Amino acid sequence: TRARDDARAQLERVKRITGELVFRYGDTVTHLPGGLKAQEALLRDTAAALEPALRGAPDDVDLAATMASVHGRLAEILGNTTLAAPERAADARAAVAQALELAERAWPHCRADWRFASWHVRVLIVHSQLLRAEQRLAQAAAALHKAAERAAAALALQQGAEGRMYLGVGVANAHLNLAQLHDHANLPSLHE
């Protein structure tokens with residue numbers, strides 16, 4: 001019907017704009033004074049604006065993937081081990097939980113989308129860092145193994161150079177974090 005088609009077209013435009021605004025232009029403000037705070041506000045506002053659409057279309061895996069990436073970027077800002085304040089760890093854990101729940105729903109259908117897959121891998125790495133900070137080293141290792149597996153699975157589906165590059169970096173980051181989890185002089189590690 002015409003109303004349903006119009007609603008779908010509108011939702012597609014919103015998803016496209018969200019992708020451009022949050023992931024293409026949003027990262028640009030990170031390096032400006034106050035950029036992280038501005039990006040966090042942008043991500044929170046975007047998530048709040050998309051939440052009703054997701055509730056109205058719970059089976060829309062592309063929208064779930066978009067929301068997973070929005071929450072994933074927010075988790076990365078809040079859970080960044082060098083930039084984020086330790087008192088924000090609870091906010092970071094909440095953003096990680098939302099991103100992972102949505103990503104699991106979208107993964108079977110969207111794993112070939114390198115943008116989604118690379119954000120999913122980044123969230124799994126942030127998740128492992130938060131677990132490590134809580135001394136939950138076995139769970140941190142499991143998150144990193146999953147990140148490496150997901151990055152490799154998505155990489156195998158890529159034809160384009162850009163997607164292969166981003167996912168190759170994801171594989172490398174997961175393995176680097178796993179190596180550091182096994183033995184690190186200044187952080188909790190499995191080798192202790």
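Higher on the page you've got the structure.
As the structure is a prediction and not an experimental result, all values here were calculated from the model. (Residues numbered from 1 in each chain as written. Predicted model: local features only at pLDDT ≥ 70, side-chain atom pairs only at ≥ 80, totals over all residues. Heavy atoms only, no water.)

1. Comments concerning helix H4 (residues 89–110)
And then number 1: At Glu-104, H4 shows its maximal kink, close to 40°; a proline, Pro-108, follows between one and four residues later.
And then number 2: Inspection of H4 places Ala-92, Ala-95, Val-96, Ala-99, Leu-100, Leu-102, Ala-103, Ala-106, Trp-107 and Cys-110 among the buried residues, and these make up the whole buried set. (Bend = angle between axes of the 7 residues up to and from the residue. Helix = DSSP H or I, 4+ residues; strand = E, 2+ residues; numbered from the N terminus. Buried < 20%, exposed > 50% of the residue type's maximum accessible area, 1.4 Å probe, protein only.)

2. Digging into unusual backbone geometry
And then number 1: Even without being a glycine, Gln-135 presents a positive backbone phi close to 65°.
And then number 2: Among the secondary structure elements, Gln-135 is positioned in the loop between helix H5 (114–133) and helix H6 (137–155).

3. Side note on the nonpolar core
And then number 1: Within the largest apolar cluster, 49 residues are counted, with the highest numbers of intra-cluster contacts made by Val-96, Phe-116 and Leu-181.
And then number 2: Residue assignment for this core shows that the elements contributing at least two residues are helix H2 (35–56), helix H3 (61–79), H4, H5, H6 and helix H7 (161–182).
And then number 3: Those residues in contact with Val-96 that lie beyond four places of it in its chain are Ala-75, Val-123, Val-126, His-127 and Leu-130. (Core = buried A, V, L, I, M, F, W, Y, C linked by side-chain atoms within 4.5 Å. Contact = heavy atoms within 4.5 Å.)

4. Overview of the packing of aromatic side chains
And then number 1: Scanning the entire structure with this criterion turns up two aromatic pairs.
And then number 2: For the pair Trp-114 and Tyr-166, a centre-to-centre distance of 4.8 Å together with 25° between the ring planes defines the contact as stacked. Remark: Tyr-166 occurs in helix H7 and Trp-114 occurs in helix H5; sequence separation between them is 52 residues. (Phe/Tyr/Trp six-rings, centres within 6.5 Å; stacked < 30°, edge-to-face > 60°.)

Coordinates in, geometry out; function isn't part of it.
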